[in-house]
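Per-entry structural report
Each chain is listed here by its residues.
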Amino acid sequence: MFRTEFKSSLLVTALFTSLACHATTNDATGRVSSAMVSLPDNMFNAKERPAVAHYIGRTAQEIKQQQVQIPHRNYIASCNTHTDSPSMFVSTTVQSISGDTQSPRFGAVYELKFNPQSGIFENTENQRVLNECIASHGISVSKDCKRIAVVCEKPHGASERDEHVIDLPAQTKGNFVNKHADNHATIDRAMHDLSIRKSRKSPMTLSSLIASNRYYVSQCLDNNPYNTLSVTPYIDTLVNQYGANRKKLKSFSSVVQGNAFKQQDRWQYLLNALPNNEQKAQFLTCVEAMAKNENTEAWLLEWHNEPLNHEYDAYVATKMKSQHLGNVSLNYSEKDQSYAIANVAAVFNHINGTKHKSAQLIVLQREGTTLKIDYNERGWEWNCGKGHVLHIRGYYDPNNDQFGAVCTTDMTDKEFSKAVKPHKKSPKRAHGLLAIKSEANSNRGPGTYLFTVPANNASFTRGGIHNFVPVRDNYGLSVAVAPKKVAESDLRNFIAHLNITPKEDVYRTNCLKKGIFSNCELDYLSALRHNEIKIEHYPLVPTQNLMGEKHMDSTSATRIGLFGIPIGGSRNTPREDQTSSTRWLVVDNNCQYSNPQLVNLHNGRFLLGYAKFQCVDDNQSLQPLGSDRALIPKTYHLVEINEQGDKLTETLSFTDYGWGGLDDLIYIGDGKVAWTYINHPTLSNHIGAQHQQWEVMVYQSPH
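Presented here is an overview of the structure given in this document. Residue positions are given per chain, counting from 1 as you read along its sequence in written order. This being a predicted model, a pLDDT of at least 70 is required before a residue's local features are given, and a value of 80 or more before pairs of side-chain atoms are given or counted; all residues contribute to the totals for chains, interfaces and linings. Values reported for side chains reflect all heavy atoms of the structure, with hydrogen atoms and water molecules removed beforehand.

Put simply, DSSP marks the helices as runs of H or I at least four residues long and the strands as runs of E at least two long, and each gets a number from the N terminus on. Broken down by element type, the protein carries ten helices and 34 strands. Here the term buried applies to any residue with accessible area under 20% of the maximum for its type, exposed to any over 50%, and partly exposed to those in between, with areas from a 1.4 Å probe on protein chains only. Counting across all 703 residues of the protein, residues that qualify as buried make up 63%. Contact criterion: two residues are considered in contact whenever any of their non-hydrogen atoms come within 4.5 Å of each other. Taking as baseline every contact in the protein between residues at least 6 positions apart, the subset at least 24 positions apart corresponds to 67%.

Structural data, given as structure tokens:
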């Protein structure tokens with residue numbers, strides 16, 4: 001049973017000097033109303049999983065689940081938006097006990113209905129806790145609310161235990177879908193070779209095992225209740241013989257930190273020190289079990305004109321749902337009743353034991369009374385953009401009946417790595433890639449380059465692209481987070497080099513006359529990328545180390561940008577001969593901004609949302625690994641803009657309401673946008689990550 005409590009809102013408005021929209025605003029700000037709603041069965045929402053990459057950092061370290069203070073991502077979909085009483089369906093992940101990291105997680109789906117008299121969403125009895133799911137992700141609903149679908153995450157091997165599910169990967173041909181479904185196969189083979197020292201280039205080396213599975217190995221040695229092995233007796237040997245750091249050597253997990261090849265002697269010593277074969281067997285069983293548990297499956301559950309508590313059709317969409325980076329989105333096509341799931345996944349190479357992350361766009365096509373997957377026709381198995389994918393967000397473009405996705409990765413062209421101190425082993429990962437890829441691109445290569453943001457590896461980033469909003473055929477808008485990459489003085493020198501006269505705001509200057517609001521910074525980066533200018537003459541701004549705990553400085557500041565993205569013809573990727581255009585709307589050398597949102601109001605106006613986080617003058621250390629405050633905003637902001645990024649209303653600023661960094665806001669018709677999140681989400685009044693009651697907000701445009 002839901003409980004609804006009306007909470008009116010007269011929110012304070014403020015015009016931020018950092019908002020670089022210079023057009024005259026004609027309208028007053030919009031308004032927000034809200035209601036408190038209990039989660040199904042009075043459950044608590046689950047906390048976010050550890051190590052999830054957000055746009056300005058990540059959640060706490062894997063071994064510090066209790067430090068995560070962000071709710072697990074929730075997903076929303078709307079229907080009947082042409083009426084005055086639209087519905088909003090919510091997919092979220094819940095737990096029965098708050099604060100218990102070992103408490104089982106379940107999926108949950110529920111419906112809320114808008115009351116035009118009160119101006120708020122109210123509960124319905126249409127709800128369900130999905131006890132069969134360990135999480136629920138993306139959700140889609142048909143326009144008339146009669147067809148509902150949700151992505152259900154299930155444990156490894158669930159498809160083999162359920163007789164009623166349609167196993168689509170088993171029927172699908174592809175490079176990855178069958179061959180790499182069982183990630184744990186590499187673990188099995190590597191474990192048998194633990195006692196054998198092989199060369200670095202040989203397959204199935206111990207170092208490969210450590211590199212891919214150090215978390216499992218350390219957890220099983222440190223936390224396995226059946227293991228009595230202590231690190232203490234081996235400290236002297238590890239320090240004297242293997243160069244371990246005595247001060248840091250407090251657990252087995254501290255031994256494995258660092259480069260895997262440097263650790264293999266230490267690991268070999270420790271594993272050989274296990275007292276007997278029984279303990280070795282227990283350890284190997286533990287590692288294999290943990291690896292299998294991470295290799296989960298993504299199912300599509302679909303209801304046909306039935307309440308949520310009725311039976312559904314179930315389809316296995318992928319057995320590669322082993323990563324929890326970013327968002328697992330679900331989009332729906334009314335035209336042919338097909339779906340597309342965009343998610344980050346990982347595979348192991350069964351030949352040499354290596355591991356790789358990328359992302360999938362899984363299109364489930366309607367075929368009679370069931371669904372099918374055919375990567376030769378629609379979607380792709382891999383390679384949304386070069387490198388490991390940190391974030392992915394799928395979209396559906398009704399203008400050409402096309403699915404696609406935008407993504408952020410940890411790799412781009414080598415020219416960009418010269419501007420910052422590169423990692424010795426990964427010189428190309430100094431910056432991450434923003435890319436877009438349509439369904440028709442299939443498996444024929446990565447998506448199209450849009451921009452770059454700093455990234456250290458596949459878990460850390462300071463920037464990323466959030467969503468794609470189709471505007472018209474062959475064109476759409478996206479919103480992204482990124483730090484300033486080009487010093488204004490260098491940008492002015494570049495403009496002088498082009499022999500053009502800049503406008504007052506150089507970040508709005510149209511240097512090469514591409515796109516509707518292309519700016520010189522993107523042209524600068526494009527020229528650098530194609531060797532038209534030299535990095536030594538036109539450097540990039542070095543950014544603060546994402547893994548350090550130094551105090552913030554101006555290189556840690558982030559900004560919010562609007563991207564105009566030209567798309568080619570139907571079932572094509574963006575045209576290579578026309579770069580995306582960029583305009584920075586929120587610019588500040590003092591603070592970090594993140595949690596971007598962009599919603600089409602369908603009247604030539606768009607709702608832009610963002611949040612302000614830490615600032616340099618807070619005099620606080622960055623602490624991206626374990627700080628509660630690092631990913632908790634100070635304030636949230638909403639403002640309406642046009643297609644060019646000009647500001648159309650005053651900026652609405654508030655602290656009582658907000659949204660999650662990987663969540664979405666959704667259009668519900670008649671100038672209204674809705675979303676749901678925990679109550680009091682900002683730093684000054686934050687009351688924890690888990691709640692039994694969530695707040696449901698509605699923004700009403702003044703236009």
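Once that is clear, we can look at the nonpolar core. Where a protein is soluble and globular, its nonpolar side chains tend to be buried together. By size, the foremost hydrophobic cluster in this structure holds 65 residues, and its most contacted members are Met88, Phe121, Leu638 and Trp675. By size, the runner-up hydrophobic cluster in this structure holds 51 residues, among which are Val363, Val389, Leu450 and Phe451. What is meant by a nonpolar core is a set of buried Ala, Val, Leu, Ile, Met, Phe, Trp, Tyr and Cys residues, joined one to another through side-chain atoms within 4.5 Å.

This part is about the state of the cysteines. Criterion for a disulfide: a pair of cysteine sulfur atoms within 2.5 Å. Taken as a whole and assessed by the stated rule, the structure comprises four disulfides. The disulfide bridge from Cys384 ends at Cys407, spanning 2.3 Å between sulfur atoms. In this structure, the disulfide formed by Cys384 and Cys407 twists by about -110° around the S-S bond and is classed as left-handed. Highlighted residues: Cys384 in the loop between strand S18 (370–372) and strand S19 (389–397) and Cys407 in strand S20 (residues 402–409), separated in sequence by 23 residues. A relative accessible area of 0% places Cys407 in the buried class.

Quick look at the layout of surface pockets now. Both cavities and pockets are sets of points on a 1 Å grid over the protein atoms alone; in a cavity a 1.4 Å probe fits but cannot get out, in a pocket the set is open with protein on both sides within 12 Å along at least five of seven lines, and lining residues sit with an atom within 4 Å of a point. Grid points are joined across faces, edges and corners, and a volume is the space filled by probe spheres set on the points. Of the pockets and cavities examined, the second largest pocket occupies roughly 1300 Å³. Lining the second largest pocket we find 41 residues, and of these Ser78, Asn331, Tyr396, His602 and Ile666 sit closest to its centre. Polar here means any residue outside two lists: the nonpolar Ala, Val, Leu, Ile, Met, Phe, Trp, Tyr, Cys and Pro, and the charged Asp, Glu, Lys and Arg; Gly therefore counts as polar. Looking at the lining of the second largest pocket residue by residue, the classes come out as 20 nonpolar, 16 polar and five charged.

In this section: the pairing of strand S25 (residues 475–483). Within a regular strand, the side chains alternate between the two sheet faces. Within S25, nine of the nine residues are buried, which leaves it mostly tucked inside the rest of the structure. Of the two faces of S25, the one carrying Tyr475, Leu477, Val479, Val481 and Pro483 and the one carrying Gly476, Ser478, Ala480 and Ala482 are both buried. The pairing criterion for strands is at least two bridges between them, as found by DSSP. Where strand S24 (residues 464–472) folds back onto S25 in an antiparallel hairpin, the turn is made up of two residues, including Asn474, whose phi is positive at roughly 75°.

A separate point is the sheet that holds strand S27 (residues 581–586). Here we have four strands laid out as an open sheet, ordered S24-S25-S26-S27, and antiparallel in their pairing. Here the strands that pair on one side only, and so sit at the sheet edges, are S24 and S27. Each strand of the sheet is rotated relative to its neighbour by a mean of 25°, with strand direction disregarded. Where S24 and S25 come together, seven bridges link them in antiparallel fashion. Note on definitions: angles span 0 to 180 degrees between N-to-C directions of axes, and those axes are lines fitted to C-alpha atoms, for helices only across the stretch in contact.

As for its placement among the helices and strands, Gln365 is situated in strand S17 (residues 355–367). If we ignore the near neighbours within four places in the chain, the residues touching Gln365 are Ser338, Thr370, Leu371, Lys372, Asp374, Glu377 and Arg378.

This part is about empty space enclosed by the protein. Under the counting rule described, the total for this entry stands at five cavities of 30 Å³ or more. Roughly 70 Å³ of internal volume is contained in the second largest cavity. Residue lining of the second largest cavity: 14 residues in total, with His54, Ile70, Asn595, Leu631 and Gly661 positioned closest to the centre.

Turning our eyes to something else, we now look at the sheet that holds strand S30 (residues 635–641). The sheet built from four strands is open, its strands ordered S28-S29-S30-S31 with antiparallel pairing. Looking at the sheet topology across the chains shown, the edges are occupied by strand S28 (591–600) and strand S31 (652–654). Averaged over all pairs of adjacent strands, the angle between strand axes in this sheet comes to 20°, irrespective of strand direction.

So, about the pattern of salt bridges. For salt bridges, the criterion is a side-chain nitrogen of Lys or Arg within 4 Å of an Asp or Glu carboxyl oxygen. Counted according to the given criterion, the structure contains 17 salt bridges. The salt bridge partner of Asp646 is Arg583, with a shortest N-O separation of 2.9 Å. With Asp646 in the loop between S30 and S31 and Arg583 in strand S27, the pair connects residues that are 63 residues apart, well separated along the chain. The exposure class of Asp646 is buried, given its relative accessible area of 15%. Salt-bridge contacts for Asp618 lead to Lys634; the nearest nitrogen and oxygen are separated by 2.7 Å.

A separate point is unusual backbone geometry. Positive phi, normally seen in glycine, also occurs at Asn383, with a value near 65°. Relative to the helices and strands, Asn383 resides in the loop between S18 and S19. On the basis of relative accessibility, which here comes to 26%, the residue Asn383 falls in the partly exposed class.

The residue Ser33 is located in strand S2 (residues 31–38) in this model. A polar atom in the side chain of Ser33 sits 2.8 Å from the backbone oxygen of Gly119. We call two N or O atoms a polar contact when they sit within 3.5 Å, provided that within protein one can donate a hydrogen and the other can accept it, with sequence-adjacent residues counted only if both atoms are side-chain atoms.

Note on aromatic pairs: the rings of Phe, Tyr and Trp (six-membered ring only in Trp) are paired at centre separations within 6.5 Å, and the planes decide the class, stacked below 30 degrees, edge-to-face beyond 60, tilted for the rest. Tallied over the entire structure, the rule returns 18 aromatic pairs. Centre to centre, the rings of Phe563 and Trp584 are 6.1 Å apart; their planes meet at 90°, and the pair counts as edge-to-face. Of this pair, Phe563 sits in strand S26 (residues 558–566) while Trp584 sits in strand S27, placing them 21 residues apart in sequence. The pair formed by Phe563 and Trp584 is uniform in burial state, with each residue classed as buried. What links up through ring pairs into an aromatic cluster is the set Tyr636, Phe654, Tyr657, Trp659 and Trp675. Charge-over-ring contacts are defined here by two conditions on Lys NZ or Arg CZ: a distance within 6 Å of the ring centre and an angle within 35 degrees of the ring normal. Taking the ring centre of Trp299 as reference, the NZ or CZ of Lys154 above it sits at 3.8 Å.

For S20, the buried fraction is high: eight of the eight residues fall into the buried class. Burial of S20 is two-sided: the residues Gln402, Gly404, Val406 and Thr408 facing one way and the residues Phe403, Ala405, Cys407 and Thr409 facing the other way are all buried. Two elements, S19 and S20, share eight bridges in a ladder whose sense is antiparallel. Each residue of the ladder has a partner; that of Tyr395, found in S20, is Gly404. Linking S19 to S20, which pair antiparallel, is a turn of four residues; within it Asp401 sits at a positive phi near 50°.

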